[in-house]
Amino acid sequence: MSESKPKDQGSPYPDVVIQGHDYDGIQEYDNPMPAWWLWIFYATIAWSVFYVAALGMGWIDDYEAQLERGELYVAELRASGGEAMAVEVTEDYLAGLLEDQDQLSSGERTYATRCASCHGMEGEGGIGPAFKADLRESERTTIELYEVVRDGIPAGGMPAHEPMMSAQDMAAVTAFIETL
Amino acid sequence: MTDVRDGSATTAPPGMEEVRYDDKTVRLFVLATLLWGIVGMLVGVVIALQLVWPAANLGEYLTFGRLRPVHTNAVIFAFAGNAIFAAVYYSTQRLVKARMASDLLSKLHFWGWQGIIAAAAITLPLGMTQTKEYAELEWPIALAIAVVWVIFAINFFWTLKIRREKHLYVALWFYIATIVTVAILHIVNNLVIPVGLFKSYSIYAGVHDAMIQWWYGHNAVAFVLTTPFLGLMYYFLPKAANRPIFSYKLSIAHFWSLVFIYIWAGPHHLHYTSLPEWASTMGMVFSVMLWMPSWGGMINGLFTLRGAWDKVRRDPVLKFFVVGITFYGMATFEGPMMSIKIVNSLSHFTDWTIAHVHSAALGWNGFMTFGMIYWLVPRLWKTKLWSTKLANAHFWLAMIGILLYIVAMYSAGITQGLMWRAFDEEGRLMYTFMETVTAIMPMYWVRVVGGSIYLISVLVAAYNIYQTIRQSRRENDDLPDPVALVPIPTWRDDDRAEDGTVATVEKKKHDGGQANIDDILFAIQDKIKHGVHRLLEGWALVFTILTTIAVLIGSVISIVPLLTMPGQVPEIESVQPYTPLELEGRDIYIAEGCHVCHSQMVRPMVDEIERYGEYSKPGEDVYEYPFLWGSKRTGPDLARVGGKYNHEWHAQHFLDPELTSPGTIMPAYPWLFEKELDLSRTSRKLAAMQTLGVPYTDEEVENAAELAQAQAAQVAQELGIQNADFAGLDNKQVIALIAYMQRLGIDIQQDQGDR
């Protein structure tokens, strides 16, 4: 084995080989455990005890409390954001969107991610009915279409989108459908 | 044993004898490591490709859901498994100065293990799976694993029994912990009721099954991928560096703390699930406490190299070891961090976990294995390594491969996790699930590249070793077992210490007299003059028993109360067993490996409730044999998918997911529309469930097939009305799968409706 000259006494790790420990030529030093190692180990134990106690005392949120906080956060968003951005969707409003290129292209993007899977990429229909002007069977007005998007037709498998989309986005996608 | 002593009388000097080490078995294990390493990593690259390019799902037997377990099992049990056997067989013989006890057992172990791997490689693509991660292999193979493991254990402990070296070196402590604990884990987690040669149901349901599975799964990481590799490190690192181990005291402290604490940490795989929160908390705090015990190994490894850094720069073996140990340190810091609940709420179900495992498996296990192989091969084949340059090339390629891989997966995981929970200013979810999938596709491509580079690096290694072996063939006519001269052990009959106090006690006893108390105290003092632990190292059996107790304490405390204490799984009135058809559909879901991509566990978080519906309750899963919560959400959660779409949507989606979900990475399952639904075992399946406590009536069990047929006819008719193209599928598999999909989450909806 290599040199095993003891180091000076000042070093925390004097590197003294333990006599009698020789396994297939492998020796071991009698060094102490690093102090920082021990202290961090103790700290994790202390922290664990603290955590369990704090959770028990309610100082740290358990799952239920975390969920409540999350719900509150979303409810606040809805109260404030929802108000600021609320639009009242009327016949006139929808008619206005049909002229608004920005809104129509936003509607097109929404259509691709949320509608195309059932109504076809080009509105040619599939699981859901077609929107393309020449294939279209329904005679709903634009505002009626909007209501279908919003509330769904549960019996037919069409989901309500109000929980997932803003009024503005639903209006934009309705307008886009009308251009198909 | 006779061959070991052969010729000792004629050639060995007095007091010495010859040992002939069995290196043939070690050579076999090394070759198997390389072979299965390449196979396992190749499959890894294939499934990585499937996740960016679904067309790479090559037909029924080679879809992602079926191949991913092939990859994980191959890497863990075939690659790492054979590597640790090579390490154990090589180092144990030298550390105890004895040949492995039985050549026959060694042979049975080697070939038995390879047979199991081959069986896994065949049955998993065939869809024969118990679903529980790293315990997928169906019961006959699980049984074979138990047998081969026992063979290994007998061979190992028998070798300890006939050892010449009295004291067990730290590497052996880790091997002992490995052998004992893996046996316990494997048996408890594989308790199943067979319903056919390659089909069975776990005897635990839902929350219980989940707890036992992750107690197993986490400790498979501990006792297959950590402890034996620490043993490997403790032998091969000081050998290669020619330096003493940094601290014997640290070895003792970190061994016992690691073995004791690791076993508790399993529930950190189940944070925010319907596992009771106390269990989850326990898993978390023990994971945090595990940080330093893990780092003890890293410190002892890296500090052993103090003063040898110039060597590290020159020697590829040490280079591999240093990087391997560094990855170990990173992964064992990251692990405790990820087990903190709030971190886990982001990381769980995402590719962050995948990044974590790969920094451990490719970095720690891969690099330690190859460091060992580069050190071993020249010694085993009695020649020089063919090319050091190639070994260095391997090193750098592997580094680049890992870094690309993990950076891509960290960014994919964190990106997707944040997208899942993002709300817009109006309090609506910002992204659809598909948008979160599309967003990480570039990262998935980088993974394909990183993984391929790592695979190439391993091919480079294999070529280098192939050439080394050819070179050995040219230089050596054959490779006889190496012979070592070792002192004939006297410690067994001569437990006398130098001053003879022990002998005094013995002698007095022998003479029928009474040893007085002083004699005994002197004897004890003498025995422990090198510390109690030193004494323990001389008692292999006691050492093994204490290790077993250390792992049993945490096991019992984390499992038994959950299974037996009342109130852990509150009953939900409306939750009913599956119909026979739905149960068949569930088995198709299992065989296709849908659970590999889909979770069925809505966590109590606003975004998940918003996206999927009410969060999952423990009582919902009382008939889930086995549980199907999943651990990775490559696709959306399905716990509440029942009724979300009509039958037609599902049929379209299974036939060609691209139709309903443009850009999806879910494979197409056209064969479900062709393959007949097999109802021949339905009755037996219900009977097995009945045995397990599912309240099926005897009538239902008896008429299971007819009941299934009737429901299938109804579902098929509904589907045919929705779309005439799908008419007449009555007895096809897809009908059962749709029936199962439509059932998911329905019971609890009814419960809420009732209220």
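All values derive from a computational prediction rather than experimental measurement.

Each helix and strand counted, chain B has 31 helices and four strands in total. Compactness check: chain B gives a C-alpha radius of gyration of 28 Å against a globular reference of 27 Å for 755 residues, within 12% of the reference. Across its three principal directions, the C-alpha atoms of chain B cover 95 × 65 × 55 Å. Relative to its 755 residues, chain B shows a buried fraction of 65%. In chain B, the proportion of contacts linking residues at least 24 apart, taken out of those at least 6 apart, comes to 81%. Within the structure as shown, chain B displays about 27,300 Å² of accessible surface, and the carbon and sulfur contribution to it stands at 65%.

It is worth spelling out helix 29 (residues 704–722) of chain B at this point. Residues lying three or four places apart along an α-helix face the same way, a consequence of the helix completing one turn every 3.6 residues. All names here are of chain B. Between its first and last C-alpha atoms helix 29 spans 27 Å; for 19 residues at 1.5 Å apiece the expected length is 27 Å, and the two agree. Every buried residue of helix 29 is listed here: A704, A708, Q711, A712, V715, A716, L719 and G720. On its buried face, helix 29 sits against helix 23 (580–592), helix 25 (647–655), helix 27 (682–692), helix 28 (698–702) and helix 30 (733–743).

Residue placement: N344(B) occurs in helix 15 (residues 341–347). Not counting the four nearest positions on each side in its chain, N344(B) is found in contact with H268(B), H271(B), M338(B) and R603(B).

The next point concerns the pattern of salt bridges. All names here are of chain B. All chains considered together, the criterion is met by 34 salt bridges over all chains. The salt bridge involving E592 is made with R66; its shortest N-O contact spans 3.2 Å. Here E592 is found in helix 23, whereas its partner R66 is found in helix 4 (residues 64–96), with 526 residues between them in sequence. Here R633 and E608 are joined by a salt bridge, their closest N and O atoms 2.6 Å apart. Of the two residues, R633 sits in the loop between helix 24 (606–612) and helix 25 while E608 sits in helix 24, which places them 25 residues apart along the sequence. Given a relative accessible area of 1%, R633 falls into the buried group. Salt bridges here are not isolated pairs; linked through shared partners, they connect K199, E584, D587 and K685.

All names here are of chain B. Judged by side-chain polarity, W539, L541, V542, I545, L546, I549, L552, I553, V556, I557 and V560 come together as a nonpolar surface patch covering roughly 890 Å² of accessible area. Note on placement: I553 falls in helix 22 (residues 540–564). The exposure class assigned to I553 is partly exposed, which follows from its relative accessible area of 35%.

A few words now on the interface of chain B and chain A. Contact with chain B, which involves 70 residues of that partner, is made by 58 residues of chain A. Summed over both partners, the interface of chain B with chain A buries about 5,500 Å², with 63% contributed by carbon and sulfur atoms. Scanning the region where chain B abuts chain A turns up four salt bridges. The partner of D30(A) in a salt bridge is K249(B), and the shortest N-O contact between them spans 3.1 Å.

Right, let's get into the packing of aromatic side chains. For any two aromatic rings, the description comes down to two numbers: the centre-to-centre distance and the angle of the planes. All names here are of chain B. This structure, assessed with the given rule, holds 59 aromatic pairs over all chains. Taken together, a centroid distance of 6.2 Å and an interplanar angle of 65 degrees make the contact between Y90 and Y235 edge-to-face. You can see Y90 sitting in helix 4 and its partner Y235 sitting in helix 9 (residues 227–241), a full 145 residues away along the chain. Taking relative accessible area as the criterion, Y90 reaches 6% and is therefore assigned buried. Arranged with centres 5.0 Å apart and planes meeting at 85 degrees, the rings of F395 and W396 form a pair that is edge-to-face. One aromatic cluster is present, formed by F29, F85, Y89, F110, W111, W113, W149, F152, F156, F157 and Y175 through successive ring pairs. Here the basic side chain of R94 rests over the ring of Y90, its NZ or CZ set 3.6 Å away from the ring centre.

Attention now moves to empty space enclosed by the protein. All names here are of chain B. Going through the model one piece at a time under the given rule, you end up with nine cavities of 30 Å³ or more. A volume near 290 Å³ is recorded for the second largest cavity. As for the second largest cavity, its lining consists of 23 residues, of which Y578, E620, D621, E624 and G745 are closest to the centre. The greatest single-element share of the lining of the second largest cavity, amounting to three residues, is contributed by helix 31 (residues 746–754).

Another aspect to go through is the confidence of the model for chain B. Low pLDDT marks regions whose predicted coordinates should not be analysed in detail. Overall, the predicted model of chain B reaches an average pLDDT of 93, with 95% of residues at or above 70. The low-confidence segment residues 1–9 of chain B, where pLDDT is below 50, has 17 contacts with residues more than four positions distant or belonging to other chains.

Next up on the list: the environment of K319(B). Residue and element names in this part refer to chain B. Note that K319 resides in helix 14 (residues 316–338). For the pair K319 and L404, spaced 85 residues apart in sequence, the C-alpha to C-alpha distance is 20 Å. If we skip the residues at most four places from it in the chain, K319 touches V312, R313, N392, F395 and W396. A distance of 2.8 Å separates the side chain of K319 from the side chain of N392, its partner in a polar contact.

The subject of this paragraph is the pairing of strand 2 (residues 192–196) of chain B. All names here are of chain B. Within strand 2, four of the five residues are buried, which leaves it mostly tucked inside the rest of the structure. Two elements, strand 2 and strand 3 (residues 199–202), share four bridges in a ladder whose sense is antiparallel. Pairing of P194 across the sheet is with S200, part of strand 3. Taking the residues that link successive antiparallel strands as the turn, the strand 2-strand 3 hairpin has two residues.

Below, the discussion takes up the environment of D100(A). Residues and elements named next belong to chain A. With respect to the helices and strands, the residue D100 is situated in the loop between helix 3 (91–97) and helix 4 (101–119). According to the relative accessible area criterion, D100 is partly exposed, its value standing at 28%. Here the alpha-carbon distance between D100 and A175, two residues 75 residues apart in the chain, equals 9.5 Å.

What follows deals with a negative patch on the surface. Residues and elements named next belong to chain A. Side chains of D62, E64, E68 and E71 sit close together on the surface and give a patch of like negative charge. Relative to the elements of secondary structure, E68 occurs in helix 2 (residues 63–85). We classify E68 as exposed; its relative accessible area is 51%.

What follows deals with the packing of helix 14 of chain B against helix 16 (residues 351–380) of chain B. Residues and elements named next belong to chain B. Closest axis-to-axis distance for the helix 14/helix 16 pair is 8 Å, and the angle between their directions is 155 degrees. With respect to helix 16, the axis of helix 14 lies roughly antiparallel. As helix 14 runs across helix 16, the sense of the crossing is left-handed. Residues belonging to the contact of helix 14 with helix 16 are distributed by class as follows: 19 nonpolar, seven polar and one charged.

Once that is clear, we can look at the confidence of the model for chain A. Scored by pLDDT, chain A has a mean of 86; 92% of the residues are at 70 or more. Ranking the elements of chain A by mean pLDDT puts helix 4 of chain A last with 86 and helix 1 (residues 35–57) of chain A first with 97.

This part covers unusual backbone geometry. In the segment running from Y625(B) into P626(B), the intervening peptide bond is cis, with an omega of -10 degrees. As for its placement among the helices and strands, P626(B) is situated in the loop between helix 24 and helix 25. Backbone geometry places D24(A), a non-glycine residue, at a positive phi of 50 degrees. Looking at the secondary structure, you find D24(A) in the segment before helix 1. What makes D24(A) partly exposed here is its relative accessible area of 24%.

Residue and element names in this part refer to chain B. Splitting chain B by domain gives domain 1 (3–475), domain 2 (494–538) and domain 3 (580–754). Distance between the C-alpha centres of domain 1 and domain 2: 43 Å. At the interface, eight residues of domain 1 touch six residues of domain 2. Across the interface of domain 1 and domain 2, roughly 680 Å² is buried in total on both sides, 49% from carbon and sulfur atoms. Of all residues in domain 1, the largest losses of buried area upon contact with domain 2 belong to K166, H167 and Y248, amounting jointly to 56% of the total for that side. The tally of links from domain 1 across to domain 2 stands at zero salt bridges. In the side of domain 1 that touches domain 2, the residues fall into five nonpolar, one polar and two charged.

Cut-offs used in this document
Residues numbered from 1 in each chain as written. Chains lettered and ligands numbered in written order. Predicted model: local features only at pLDDT ≥ 70, side-chain atom pairs only at ≥ 80, totals over all residues. Heavy atoms only, no water. Helix = DSSP H or I, 4+ residues; strand = E, 2+ residues; numbered from the N terminus. Rg over C-alpha atoms; globule rule 2.2 N^0.38 Å. Buried < 20%, exposed > 50% of the residue type's maximum accessible area, 1.4 Å probe, protein only. Contact = heavy atoms within 4.5 Å. Areas by Shrake-Rupley, 256 points an atom, 1.4 Å probe, with all protein chains shown as cover. Expected span 1.5 Å × (residues − 1). Salt bridge = Lys/Arg side-chain N within 4 Å of Asp/Glu carboxyl O. Patch = residues over 30% accessible without salt bridge, like charges linked within 9 Å, V, L, I, M, F, W, Y side chains within 5 Å. Buried area = accessible area lost by both parts, 1.4 Å probe. Phe/Tyr/Trp six-rings, centres within 6.5 Å; stacked < 30°, edge-to-face > 60°. Lys NZ or Arg CZ within 6 Å of the ring centre and 35° of its normal. 1 Å grid on protein atoms, 1.4 Å probe; cavity = no way out; pocket = protein on both sides within 12 Å on 5 of 7 lines; lining within 4 Å. Points joined across faces, edges and corners; volume = space filled by probe spheres on them. pLDDT = per-residue confidence, 0-100. Polar contact = N/O pair within 3.5 Å; in protein donor to acceptor, adjacent residues only side chain to side chain. Pairing = 2+ DSSP bridges. Lys, Arg positive; Asp, Glu negative; His and termini not counted. Charge placed at Lys NZ, Arg CZ, Asp CG, Glu CD. Axes fitted to C-alpha atoms, helices over the stretch in contact; angles between N-to-C directions. Parallel < 35°, antiparallel > 145°, perpendicular 65-115°, else oblique. Left-handed = near helix turned anticlockwise from the far one by under 90°. Nonpolar A, V, L, I, M, F, W, Y, C, P; charged D, E, K, R; others polar. Domains from an automatic or database assignment.

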